[in-house]
Amino acid sequence: MSDLKGRVALVTGGSRGIGAATALRLARDGADVAITYASSPDKAQAVVQSVQALGRRAIAIHADSADADAVTAAVERTVAELGRLDILVNNAGVFSYKPFEQVSREEYTAMMAINVQAPFVAAQAASRHLASGGRIITIGSCLGERVGGPNMALYSASKAAVIGLAKGLAQDLGPRGITSNVVQPGPIDTDMNPADGEGADAQRQGLPLRRYGRSEDIAAMVAHLAGPAGDFITGAVISVDGGFSA
Ligand code: NDP
């Protein structure tokens, strides 16, 4: 497939999990890819090499999503080194599981900076470069709409916020031919939520399909939205969650 030939994508948090699978999938579909990472330089470099092995250009950028200036700089460096920007995937995110009474203001601020401020800032920076046909795809969570259990108020609030952001961007950028959507994963087997981790069996029981998803399942939806099939999809919130929210 080469739907994305000549396009350039930036995937935040592309060193592991869903972001790494997305970077590889977009490259397989023809795009050159920049990824950001915070603490896994070796894994980021491995993703770069895998993309290059597919014949695409790739760069890894150290950019802590908690730092708005670093996020903006990552967008600018993508354009400077890869020549343009067509697809922004706001993927980097952190999870927290804690009784809400015990969440400190510092923890609140840190999570909101990574899960909400960074997608906002990245979209702002990207919008200066995206042309008609541009895409902003934000990875939310099925917990952004249906929390379903205790101790996730902060995380769920952050993932609900990106729905409003994505819909607002759809309104603001639609007249320029740029789409903005949210992909909401359910339980996906990654370091964040391993299929053999504590609580995994309970999550499986809540899944009509009775199994975790793979990072590639999310990457496939991102690729769908990024390609020509996504031309008329904007302001949408799309669950890829094995029926977790059903
Ligand atoms: P992982 O923890 O497996 O990977 C997270 C990725 O994000 C890594 O590449 C990591 O880079 C990067 N990252 C984390 N913090 C930062 C930061 N401060 N700055 C830059 N990069 C950062 O997570 P997943 O792949 O599972 O999750 C990806 C997205 O999907 C997240 O937004 C998450 O909330 C969402 N999601 C995941 C679900 C799941 O079940 N797995 C379910 C629903 C939503 P590094 O290693 O360098 O720190």
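Here, every reference points to the structure presented above.
Per chain, residues are indexed from 1 in the order of the written sequence. Since the coordinates come from a predicted model, pLDDT governs what is reported: local features require at least 70, and pairs of side-chain atoms require 80 or more to be given and counted, while whole-chain, interface and lining totals use all residues. As a rule here, side-chain values come from all non-hydrogen atoms in the structure, and water together with hydrogens is ignored.

Peer 1: In this structure, what is going on with the packing of helix H3 (residues 68-82) against helix H4 (residues 105-127)? I would like to understand it.
Peer 2: Two measures define how a pair of helices packs: the angle their axes make with one another and the distance between the axes. To get an axis, a line is fitted to the C-alpha atoms, and for a helix only the part in contact is used. The angle between two axes follows their N-to-C directions and goes from 0 to 180 degrees. For the purposes of this entry, the term helix denotes a DSSP run of H or I that reaches at least four residues, the term strand denotes a run of E that reaches at least two, and both are numbered from the N terminus. Axis separation between H3 and H4 bottoms out at 9 Å; the angle between their running directions is 35 degrees. By crossing handedness, the relation of H3 to H4 is classed as right-handed. Counted together, Ala68, Val71, Thr72, Val75 and Glu76 of H3 and Gln117, Ala118, Val121, Ala122, Ala125 and Ala126 of H4 form the full contact between these two elements. Under the convention adopted here, Pro, Cys and the residues Ala, Val, Leu, Ile, Met, Phe, Trp and Tyr are nonpolar, Asp, Glu, Lys and Arg are charged, and Gly plus all remaining residues are polar. By residue class, the composition of the contact of H3 with H4 is eight nonpolar, two polar and one charged. Working rule for handedness: look at the near helix, and if it is turned counterclockwise from the far one by less than a right angle, call the crossing left-handed; if clockwise, right-handed. Note on contacts: a residue pair is in contact if any heavy atoms of the two residues lie within 4.5 Å.

Peer 1: I'm lost on the side chain of Ser215 in this one. Help?
Peer 2: Looking at the element boundaries, Ser215 is found in helix H7 (residues 215-226). Of the polar contacts made by the side chain of Ser215, one reaches the backbone nitrogen of Ile18; its length is 3.4 Å. Beyond its immediate stretch of four places on either side in the chain, Ser215 contacts Gly17, Ile18, Ala21, Ile188, Asp189 and Thr190. Polar contact is the term for a pair of N or O atoms within 3.5 Å; when the atoms are in protein, one must be able to donate a hydrogen and the other to accept it, and sequence-neighboring residues count only if both atoms are side-chain atoms.

Peer 1: Help me understand the site of the ligand, please; the structure alone is not making it clear to me.
Peer 2: Near is defined per residue: the residue qualifies when any heavy atom it owns lies within 4 Å of the molecule or strand. Taken together, the neighbourhood of the ligand is formed by 31 residues, with Ser15, Arg16, Ser40, Tyr155 and Thr190 sitting nearest. Measuring from a nitrogen atom of the ligand, one finds a side-chain N or O atom of Asp64 at 2.8 Å. For the ligand, an oxygen atom lies 3.5 Å from a polar atom in the backbone of Gly186. Each accessible area is a Shrake-Rupley estimate made with a 1.4 Å probe; only the visible protein chains count as cover when residues are assessed. Against a free-state accessible area of 890 Å², the protein chains account for coverage of 95% of the ligand. Broken down by secondary-structure element, the contributors of at least two residues to the shell around the ligand are helix H1 (17-28) and helix H5 (153-173). Considering only residue class, the shell around the ligand consists of 13 nonpolar, 14 polar and four charged.

Peer 1: Explanation requested: the environment of Asp42 in the structure shown.
Peer 2: Turning to its location among the elements, Asp42 is positioned in helix H2 (residues 41-53). Each residue's exposure class comes from its accessible area (1.4 Å probe, protein chains only) as a fraction of the maximum for that residue type: buried when under 20%, exposed when over 50%, partly exposed otherwise. A residue is classified by how much of its surface remains accessible, and Asp42, at 67% relative accessible area, is exposed. Taking the C-alpha atoms as reference, Asp42 lies 35 Å from Asp231; in sequence the two are 189 residues apart.

Peer 1: Whenever I open this one, the nonpolar core confuses me. Can you help?
Peer 2: A general trend in soluble globular proteins is that nonpolar side chains are found buried together. Nonpolar core, defined: a set of buried Ala, Val, Leu, Ile, Met, Phe, Trp, Tyr and Cys residues in which side-chain atoms within 4.5 Å join the residues together. Within the largest apolar cluster, 31 residues are counted, with the highest numbers of intra-cluster contacts made by Leu26, Ile35, Val183, Ile218 and Val222. If you look at the next biggest cluster of nonpolar residues, it comprises 26 residues, including Ile61, Leu85, Leu169 and Ile178.

Peer 1: Help me understand the pattern of salt bridges in this model?
Peer 2: Take a side-chain nitrogen of Lys or Arg and a carboxyl oxygen of Asp or Glu: if they are within 4 Å of each other, that pair is a salt bridge. One pass over the full model with this rule turns up nine salt bridges. A salt bridge links Arg57 to Asp32, with the shortest nitrogen-to-oxygen separation between them at 3.1 Å. Residue Arg57 is located in the loop between H2 and strand S3 (58-62), and its partner Asp32 is located in strand S2 (residues 32-37); the two are separated by 25 residues in the primary sequence. Its salt-bridge partner being Lys98, residue Glu107 comes within 2.6 Å of it at the nearest N-O pair. Its relative accessible area of 33% is what places Glu107 among the partly exposed residues. Overall, Lys98 belongs to the partly exposed group, its relative accessible area being 27%.

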